[in-house]
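Each chain, letter by letter, is given below.
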Amino acid sequence: MLKSARKQEKDPQGRMALTDHLRELRNRLVKSLLAMVVASTITVFFYKDIMEFFTNPILSEVGCEHSFTDLAEASGEAHCARIVQNGLLSPFTLALTVSFSSGAVLASPVWLYQLWGFLAPGLHRHEKKYALSFVGAGFPLFVMGAYFAYWSLPKMASVMLEFSLIGSDNQLPLDGLLQLIMRMILVFGLAFELPLLLVMLNFGGVLSGKKLIGWWRGMIMGITVFAAIATPSTDPISMLALAGPIWVLYFGAAGIALANDRRRARRRAEGPADDEASDLDVTPEDVGAVEPVGASRDLPEQATGERSPANGYDDVT
């Protein structure tokens, strides 16, 4: 059975045997899962508030305040919808899904810290600094994208209901609606991570700042097309709400990449850091002319002509 890795003395350079890595991974996974279970247990008591937080903006935009019969008699062109739940087990299953999802988000500081604690020992000092900077920048970018999704969803729902047939009843299954909301939040949040990904590729030496600047036409077109697909509504406001910030973040990432390229050039001129290996020049070079050297097969004592056999042989074998 694997023993705890904490009680063992740690290597100052972060080196571990394979079994020690497995112990460390097991301990951090257990801590992360326990944090998620505790957070999910807490969110169970607030799952209705969580669902209302996501669905109330849509209901305020397209919700039906009267019965469908009253709406049909009052105006044949009125379009609204009601949220419904199908099946006896649907409320319980949905409550578990919302609680576990919310618990994973609530416990994110714990499992992100455990992930960092598992990866940090194998990083250099500058790599740790960059990793912390990327995590610190990635979280607000994702929250910003999630907010834009939360803001645009009610407007999108209003436009989508305009395609309903006159006199038809619109019912929105709650589980499907929450899946759509979570999908939109995830898509918008990851879209806002694109500039951070470009900066990471630049810091890794894959992309240069000049190359990012040279791609600006294609990137603007690609971001615009993505925004048009990610926002099903036909109004340009929702599309620009997603595309505009990503345009700004893209050019900001290109500026950071250019500054990093200049910094890297100065650093190469100064030489490597204390914890980095020097670059070795392994280019083959011409050794020049070969000077012949004569060698005698005789031993020093045999060079005088006096040979004394050793173990029955005239030379050493």
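Now for a description of the structure that goes with this document.

Thresholds applied
- Residues numbered from 1 in each chain as written.
- Predicted model: local features only at pLDDT ≥ 70, side-chain atom pairs only at ≥ 80, totals over all residues.
- Heavy atoms only, no water.
- Helix = DSSP H or I, 4+ residues; strand = E, 2+ residues; numbered from the N terminus.
- Buried < 20%, exposed > 50% of the residue type's maximum accessible area, 1.4 Å probe, protein only.
- Contact = heavy atoms within 4.5 Å.
- Areas by Shrake-Rupley, 256 points an atom, 1.4 Å probe, with all protein chains shown as cover.
- Salt bridge = Lys/Arg side-chain N within 4 Å of Asp/Glu carboxyl O.
- 1 Å grid on protein atoms, 1.4 Å probe; cavity = no way out; pocket = protein on both sides within 12 Å on 5 of 7 lines; lining within 4 Å.
- Points joined across faces, edges and corners; volume = space filled by probe spheres on them.
- Nonpolar A, V, L, I, M, F, W, Y, C, P; charged D, E, K, R; others polar.
- Core = buried A, V, L, I, M, F, W, Y, C linked by side-chain atoms within 4.5 Å.
- Axes fitted to C-alpha atoms, helices over the stretch in contact; angles between N-to-C directions.
- Parallel < 35°, antiparallel > 145°, perpendicular 65-115°, else oblique.
- Expected span 1.5 Å × (residues − 1).
- Arc of directions from axis to C-beta.
- Phe/Tyr/Trp six-rings, centres within 6.5 Å; stacked < 30°, edge-to-face > 60°.

### Thoughts on the overall build of the protein chain
Within the protein chain one finds 11 helices and two strands. In the protein chain, buried positions account for 29% of the 317 residues. Restricting the contact set of the protein chain to residue pairs at least 6 apart, pairs at least 24 apart contribute 74%. Accessible surface computed for the protein chain: about 21,600 Å², of which carbon and sulfur atoms make up 64%.

### Notes on the pattern of salt bridges
Under the criterion given, the structure shown has one salt bridge. Put simply, arginine 28 and glutamate 24 hold a salt bridge, and the shortest N to O gap is 2.7 Å. One end of the pair, arginine 28, and the other, glutamate 24, are both in helix 1 (residues 18–44), four residues apart, so they sit about a helical turn from each other. Glutamate 24 shares its class with arginine 28; the two are buried.

### Overview of the layout of surface pockets
Volume-wise, the largest pocket comes out at about 1,600 Å³. Lining of the largest pocket is provided by 46 residues; of these, Val105, Ser108, Trp111, Phe139 and Phe142 occupy positions nearest its centre. Counting only elements with at least two residues in the lining of the largest pocket, the list comes to helix 2 (47–62), helix 4 (90–106), helix 5 (108–119), helix 6 (125–161), helix 7 (174–191) and helix 8 (194–203). The dominant element in the lining of the largest pocket, judged by the number of residues it contributes, is helix 6, at 13 residues. Residue classes in the lining of the largest pocket are distributed as 34 nonpolar, nine polar and three charged.

### Focus: the environment of glycine 145
Of note, glycine 145 is situated in helix 6. Along the chain, glycine 145 and phenylalanine 192 lie 47 residues apart, while their C-alpha atoms are 5.6 Å from each other. What glycine 145 contacts, discounting residues up to four positions off in sequence, is Phe188, Gly189 and Phe192.

### A short note on the nonpolar core
Membership of the largest hydrophobic core comes to 44 residues, with the highest contact counts inside it found for Leu178, Ile181, Phe188, Leu212 and Leu242. Of all the secondary structure elements, the ones that give two or more residues to this core are helix 2, helix 4, helix 6, helix 7, helix 8, helix 10 (216–230) and helix 11 (236–270). Here this core takes 10 residues from helix 6, the largest share from any one element. For leucine 178, the residues in contact, after removing those within four places along its chain, are Met51, Phe54, Thr55, Leu94 and Val98.

### Some points on the packing of helix 2 against helix 4
Packed helix pairs are characterised by how far apart their axes lie and by the angle those axes make with each other. At a minimum axis distance of 9 Å, the contact between helix 2 and helix 4 shows a crossing angle of 85 degrees. In terms of axis orientation, helix 2 runs roughly perpendicular to helix 4. Judged by residue contacts, Tyr47, Ile50 and Met51 of helix 2 engage Leu94, Ala95, Val98, Ser99 and Ser102 from helix 4. The residue inventory of the contact of helix 2 with helix 4, partitioned by class, reads six nonpolar, two polar and no charged.

### Brief notes about helix 7
The end-to-end C-alpha distance of helix 7 is 26 Å, a good match for the 26 Å that 18 residues give at a rise of 1.5 Å each. The set of residues buried in helix 7 consists of Leu174, Leu177, Leu178, Ile181, Met184, Ile185, Phe188, Gly189 and Ala191. Taken end-on, helix 7 shows its buried residues confined to a sector of 165 degrees, consistent with a single buried face.

### Side note on the packing of aromatic side chains
All chains considered together, the criterion is met by six aromatic pairs. Both rings, one in phenylalanine 53 and one in tyrosine 150, keep their centres 5.0 Å apart while their planes meet at 10 degrees; by these two values the pair is stacked. With a gap of 97 residues between them, phenylalanine 53 in helix 2 and tyrosine 150 in helix 6 connect regions that are remote in the sequence. Residue tyrosine 150 is classed as partly exposed on the basis of its relative accessible area of 23%. Put simply, the rings of Phe53, Phe54 and Tyr150 touch in pairs and so form one group of aromatic residues.

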